[in-house]
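Here are the chains, one letter per residue:
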Amino acid sequence: MLAFTRTIEAERQSPATTALAIEGLRVEFPTVAGEPKVAIRDLDLAIRPGEILGLVGESGAGKTTLARSILNLPPSPGRISAGTVRFGGVDLLRLSERELQRRRGRDISMVVPNPRGELNPLLTVGEQIANIARVHLGKDRKAARAMALDMLRAVQISDPERRMNAYPHELSGGMAQRVVIAIALVCSPRFIISDDATSGLDVTVQAQILDLLRHLAQERDSAMLFITRDVGIAAHFCDRVAVIYGGEIMEIAPREGFFLAPRHPYTVMLLAAFSHNPRLRRAWTLPDARAGAVDPAVGCAYADRCPRAEAICRRVKPPLGELAAGHFARCHFPVERP
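For clarity, every value in this text was computed on a predicted model and none was experimentally measured.

Undergrad: Sorry if this is basic, but what is going on with the packing of aromatic side chains here?
TA: What describes a pair of aromatic rings is the distance from one ring centre to the other and the angle between the planes of the rings. All chains considered together, the criterion is met by 5 aromatic pairs. Ring geometry for tyrosine 245 versus tyrosine 266: centroids 4.7 Å apart, planes at 55°, classification tilted. Of this pair, tyrosine 245 sits in strand S9 (residues 240–245) while tyrosine 266 sits in helix H12 (residues 265–273), placing them 21 residues apart in sequence. Overall, the relative accessible area of 10% leaves tyrosine 245 in the buried class.

Undergrad: Looking at this model, I keep getting lost on the nonpolar core. Mind explaining?
TA: Counting 66 residues, the largest nonpolar core has Ile129, Val179, Ile181, Met224, Phe226, Phe237 and Tyr302 as its most contacted members. The element best represented in this core is helix H8 (residues 173–185), accounting for 9 residues. Both domain 1 (2–107 + 187–330) and domain 2 (114–186) contribute no fewer than three residues apiece to this core. Residues contacting valine 179, with those up to four places away along its chain left out, are Leu119, Val125, Leu152, Ile157 and Leu171.

Undergrad: Help me understand the pattern of salt bridges in this model?
TA: Once the charged atoms of two side chains with opposite charge are near each other, the side chains can pair. Tallying each qualifying case throughout the model produces 19 salt bridges. For arginine 48, the salt bridge is made with glutamate 51, and the minimal N-O distance between the two is 3.5 Å. A relative accessible area of 38% means that arginine 48 is categorised as partly exposed. Between glutamate 58 and arginine 305 there is a salt bridge, with its nearest N and O atoms 3.1 Å apart. In this pair, glutamate 58 sits in the loop between strand S3 (52–56) and helix H2 (63–70) while arginine 305 sits in the loop between helix H13 (278–283) and helix H14 (311–315), placing the two residues 247 residues apart along the sequence. Residue glutamate 58 is classed as partly exposed on the basis of its relative accessible area, which comes to 28%. Linked through salt bridges whose partners overlap, the residues forming this network are Arg26, Glu28, Asp42 and Arg79.

Undergrad: For this particular structure, what's the right way to read the side chain of histidine 264?
TA: Turning to its location among the elements, histidine 264 is positioned in the loop between helix H11 (255–260) and H12. Of note is the side chain of histidine 264, whose polar atom sits 3.0 Å from the backbone nitrogen of tyrosine 266. A distance of 2.9 Å separates the side chain of histidine 264 from the backbone oxygen of arginine 330, its partner in a polar contact. Beyond its immediate sequence surroundings of up to four residues, histidine 264 is in contact with Met250, Glu251, Tyr302, Ala329, Arg330, Cys331 and Val335.

Undergrad: Would you explain the domain arrangement of the protein in this entry?
TA: How big an interface is tends to be expressed through the accessible area that disappears when the partners come together. In terms of domains, the protein is made up of domain 1 (2–107 + 187–330) and domain 2 (114–186). Computed over C-alpha atoms, the centres of domain 1 and domain 2 are 30 Å apart. With 18 residues of domain 1 in contact, the opposing surface of domain 2 contributes 15 residues. Of all residues in domain 1, Cys187, Leu212 and Leu216 give up the largest surface area on contact with domain 2, accounting jointly for 38% of the area buried on that side. For the pair domain 1 and domain 2, the interface holds 0 salt bridges. Linking domain 1 with domain 2 are 5 residue pairs in polar contact (both at pLDDT 80 or more). Contributions of two or more residues to the side of domain 1 that touches domain 2 are made by helix H3 (97–103) and helix H9 (203–219).

Undergrad: When you look at a nonpolar patch on the surface in this model, what are you seeing that I'm missing?
TA: Together, Ile312, Val316 and Phe333 make up a nonpolar patch on the protein surface, roughly 210 Å² of accessible area in all. Structurally, isoleucine 312 can be placed in helix H14.

Undergrad: Would you take a moment to explain the sheet that holds strand S2 (residues 37–47) for this structure?
TA: Either a parallel or an antiparallel arrangement is found when strands of a sheet pair, and the pairing is made through backbone hydrogen bonds. The sheet built from 4 strands is open, its strands ordered S2-S1-S4-S5 with antiparallel pairing. Each edge of the sheet is formed by a strand with only one pairing partner; in this case those strands are S2 and strand S5 (90–91).

Undergrad: Teacher, can you tell me more about the pairing of strand S11 (residues 320–324) here?
TA: Put simply, side chains in a regular strand alternate between the two faces of the sheet. Here 4 bridges tie S11 to strand S12 (residues 327–330), and the two strands are oriented antiparallel to one another. Looking across to S12, one finds that alanine 324 is bridged to histidine 327. In this structure, the hairpin formed by S11 and S12 is closed by a connection of 2 residues, where glycine 326 is found at a positive phi of approximately 75°.

Conventions we followed
- Think of each chain on its own: its residues are numbered from 1, step by step along the sequence as written.
- Only residues with pLDDT of 70 or above have their local features reported here, since the model is predicted, and side-chain atom pairs are shown and tallied only from 80 upward, although totals for entire chains, interfaces and linings are computed over all residues.
- The side-chain figures draw on all heavy atoms in the structure; neither hydrogens nor water molecules are used.
- Ring pairs shown here join Phe, Tyr and Trp side chains whose ring centres sit within 6.5 Å, with only the six-membered ring taken for Trp; geometry is labelled stacked below 30 degrees between planes, edge-to-face above 60, and tilted in between.
- Helix and strand labels come from DSSP, where a helix needs a run of H or I of at least four residues and a strand needs a run of E of at least two; each type is numbered from the N terminus.
- Under the scheme applied here, a residue whose accessible area is under 20% of the maximum for its type counts as buried, over 50% as exposed, and between as partly exposed, the area being computed with a 1.4 Å probe on protein chains only.
- For the purposes of this section, nonpolar cores are sets of buried Ala, Val, Leu, Ile, Met, Phe, Trp, Tyr and Cys residues that join through side-chain atoms within 4.5 Å.
- Residue ranges assigned to the domains are those given by an automatic or database domain assignment.
- Contacts: residue pairs with any heavy atoms within 4.5 Å of one another.
- One speaks of a salt bridge when a side-chain nitrogen belonging to Lys or Arg is within 4 Å of a carboxyl oxygen belonging to Asp or Glu.
- Side-chain atoms alone can form a polar contact between residues adjacent in sequence; in general such a contact is a pair of N or O atoms within 3.5 Å, and within protein one must be able to donate a hydrogen while the other accepts it.
- Once two parts are brought into contact, the accessible area they lose, counted with a 1.4 Å probe and summed over both, makes up the buried area.
- The residues that make up patches have over 30% relative accessible area and no salt bridge, and they are joined within 9 Å when like-charged or within 5 Å when they are Val, Leu, Ile, Met, Phe, Trp or Tyr.
- Residue-level accessible areas treat just the shown protein chains as cover; the underlying method is Shrake-Rupley with a 1.4 Å probe.
- Pairing between strands is defined by DSSP: at least two bridges between the two strands are required.

And the structure:
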């Protein structure tokens, strides 16, 4: 189909060029009506070694479902019905649960937005970090505790020796988020998923956590899928940015091209929503939009909200085509470059 599909295929054949390659991923949820609800629709995505790829989109677009499906843990009662997720040349979706457990936390880690919900309230911070090193790296108790202390220093927690023996309820929100990052990175994973991990923090702490994530990822040469609802964060933090809508990638481009010359109407609408220009917002928002009026299996998933939609958009699904070097958009009538 397209240059983007050829790119995915080339990277699948040469694992050294990609940290993670998703091809044709489809995630469905059962409904009482019988017909499953498709949350991720035939999605292709490739992330390069050492790259930070931002994934933005509104609530319900499929960001978290995609993140969890990479780990073969789609939100219940969802199921992965098709596709591959290749990591190091191996399809993670074909591995046994035991093999997956070995890779989760060691090779692929996830940083979540609610650290207090993830940390065990009955174990000290040091124990929780050390347990990961013991399970995945085979370290003895003394070596694991030394690694845990090193990680607390790496994530810049003050007085790390004392915090080793602290319980999660004794930490501030920013400290708890740093501990979650320490747990995620203690094994130096090659791939990190950050699922809106800074959304609950104030702006100052958020900036510190982002700087910390970038520094530690670069230090360990890890690739990262950075999921966020905040387009502004993606502008400062990511190397490339992808937009997801209705479980499909609508646009993906290098950061500069994405923000200076967006090509998909949905991307322009997202950027307009973050602007302070009411006229721009009105120009890219259809006032009488009817969500679900178009069958996304047949036409463009965004056609019912798009001010540029024509009849063909409702009848023929647009391919994800390359409009400039490395810049792809799924649109029959892409926005003209400024």
